[in-house]
Amino acid sequence: MTIEPTTTDALDPARERLRRWRLVLGGEQADGTGCALSGRDAAMDGTLAALYGKGDKPQAGRDRSAGLGASAPSVARWLGDIRTYFPSSVVQVMQRDAIDRLGLAALLLEPEMLEAVEADVHLVGTLLSLNKAMPETTRETARAVVRKVVEDLEKRLANRTRATLTGALDRSARISRPRHHDIDWNRTIAANLKHYLPEHRTVVPARLVGYGRAARSVKKEVILCIDQSGSMAASVVHASVFGAVLASMRSISTRLVVFDTAVADLTDQLDDPVDVLFGTQLGGGTDINRALAYCQSRITRPAETVVVLISDLYEGGIRDEMLKRVAAMKASGVQFVALLALSDEGAPAYDREHAAALAALGAPAFACTPDLFPEVMAAALEKRPLPIPDTV
């Protein structure tokens, strides 16, 4: 948490340390700081006390107590206060904690509340979980909040994803008799170094290496198969954005499938990831085998297909059948990628036995950040080893 020093305390390091400990410890009688707060510090402490001041078992001597209650006006004021005192990254964490600790999810069904919150991926996940309970008066505000987050993600991820995958597609379509503007000069020079003429200080290009025109036709097919159980909310958001980006590339045919115990194909909504997200239903059970059966039935060119399963692998369906399907797809030439999560938070709890079984089939399961995802997809499209993080 970021706590800015006050002007006077910044000149006294010892007092500044006490002030910071006082804000962290919350002013209990036993905090040992003996530091009194006033002005901005007291107001900041009040916002922290409203959220973190009451533990599961109240103790004697605590002078903090949770103070948000279920009042929408007081929560709206608190949301404004935390944006005043803390940076955006801290505000998002505090909002998440308020929803979890104080049961404020129901208040997000009120338009006034949605307009007051700091929008982020986790808030979108919460809104999607409330989708069926959302009144019509709130739905448009919720869509606006979700769209803002989606547009921010697209700005951050789209250009790099397109550039990375376009390069991978071009390399996979390399040809030996390219036209002049299709020549890959770096690879051509590397391939002809043995023809270097020192007296002329030049390389004779006896063999040209070039790119095929991958953009003129569909070269690869990608199926994103996304587990929409509650723990996968952030992954669903990121996968929907990437699905829309991939669908915008003419050389890739993209299919997006979400599942719990049922399977829904949302491919026809890929032009708008917000529609995709509101078409999901977070929560419920999990039947990976059924989802993979559907994906397998849609594969027409196995050698040119990449299937990306995004799931924590807690299978409620038939485990052995699931593994047999993965093995069959790989045997037919499909590039199979298993991601435990597609988010910045790392891997959630996941079924380690199933992850080990997939790894034994040559499909290691690992968590992937949104920034790494383009590199993972590029490797899959080129049939290279996947760039698995060292933490796996």
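Cut-off values and rules
- Residues numbered from 1 in each chain as written.
- Predicted model: local features only at pLDDT ≥ 70, side-chain atom pairs only at ≥ 80, totals over all residues.
- Heavy atoms only, no water.
- Helix = DSSP H or I, 4+ residues; strand = E, 2+ residues; numbered from the N terminus.
- Buried < 20%, exposed > 50% of the residue type's maximum accessible area, 1.4 Å probe, protein only.
- Contact = heavy atoms within 4.5 Å.
- Areas by Shrake-Rupley, 256 points an atom, 1.4 Å probe, with all protein chains shown as cover.
- Phe/Tyr/Trp six-rings, centres within 6.5 Å; stacked < 30°, edge-to-face > 60°.
- Disulfide = S-S within 2.5 Å.
- Core = buried A, V, L, I, M, F, W, Y, C linked by side-chain atoms within 4.5 Å.
- Pairing = 2+ DSSP bridges.
- Right-handed = clockwise from strand over helix to strand, strands pointing away.
- Salt bridge = Lys/Arg side-chain N within 4 Å of Asp/Glu carboxyl O.
- Expected span 1.5 Å × (residues − 1).
- Arc of directions from axis to C-beta.

### Notes on the overall build of the protein
Of regular secondary structure, the protein possesses 14 helices and eight strands. For the protein, the proportion of its 392 residues judged to be buried stands at 46%. Looking at the protein alone, contacts between residues at least 24 apart form 71% of all its contacts between residues at least 6 apart. Looking at the protein as shown, the accessible area adds up to about 19,100 Å², and 51% of this sits on carbon and sulfur atoms.

### Looking at the packing of aromatic side chains
In this structure the tally under the stated criterion is one aromatic pair. With a centroid separation of 4.5 Å and an interplanar angle of 45°, the aromatic rings of Phe242 and Phe373 are classed as tilted. Of the two residues, Phe242 sits in helix H9 (residues 233–247) while Phe373 sits in helix H14 (residues 373–382), which places them 131 residues apart along the sequence. By relative accessible area, which is 1% here, Phe373 ends up buried.

### Brief notes about the state of the cysteines
Throughout the structure, instances matching the rule amount to zero disulfides. Free cysteine Cys225: the closest other cysteine sulfur is in Cys295, separated by 3.7 Å. What makes Cys295 buried here is its relative accessible area of 0%.

### Let's talk about the nonpolar core
Judged by nonpolar contacts, the single largest core of 82 residues is most densely connected at Phe86, Leu127, Val308 and Phe373. The element best represented in this core is helix H7 (residues 136–172), accounting for ten residues. Those residues in contact with Val308 that sit more than four places away from it in its chain are Ile223, Leu224, Cys225, Val337, Leu339, Phe373 and Met377.

### Here we look at the pairing of strand E4 (residues 252–259)
Counted residue by residue, E4 has six buried out of eight residues, so it is predominantly covered. When strand E3 (residues 220–227) meets E4, the two strands line up parallel, connected through eight bridges. Bridging across to E4, Cys225 finds its partner in Val257. Note that the unit made of E3, H9 and E4 has a crossover that is right-handed. Once E4 ends, the chain turns through three residues before running back antiparallel as strand E5 (residues 263–265).

### A short note on the pattern of salt bridges
Within this structure, the stated rule accounts for 16 salt bridges. Salt-bridge contacts for Asp265 lead to Arg255; the nearest nitrogen and oxygen are separated by 2.5 Å. Note that Asp265 is positioned in strand E5 and Arg255 in strand E4, a separation of ten residues in sequence. Ionic contacts of the salt-bridge type, sharing partners, join the residues Arg156, Asp344 and Asp371 into one network.

### Overview of the pairing of strand E6 (residues 305–310)
Counted residue by residue, E6 has six buried out of six residues, so it is predominantly covered. Bridge count for E6 against strand E7 (residues 335–342) is five bridges, and the pairing is parallel. Bridge pairing links Ile310 to Leu339 in E7. One crossover worth recording links E6 to the parallel E7 by way of helix H12 (residues 319–331), and it is right-handed.

### Some words on H12
Between the first and last C-alpha of H12 there are 19 Å, a value that for 13 residues agrees with the 18 Å anticipated at 1.5 Å per step. The complete set of buried residues in H12 reads Met322, Leu323, Val326 and Met329. Down the axis of H12, the sector holding all buried residues measures 125°, keeping them to one side. Turned more than 90 degrees away from the buried face of H12 sit Lys324 and Ala331, all of them exposed. The secondary structure elements touched by the buried residues of H12 are helix H11 (288–297), E6, E7 and helix H13 (352–360). Directly after H12, the chain includes Gly333, whose backbone phi takes a positive value near 110°.

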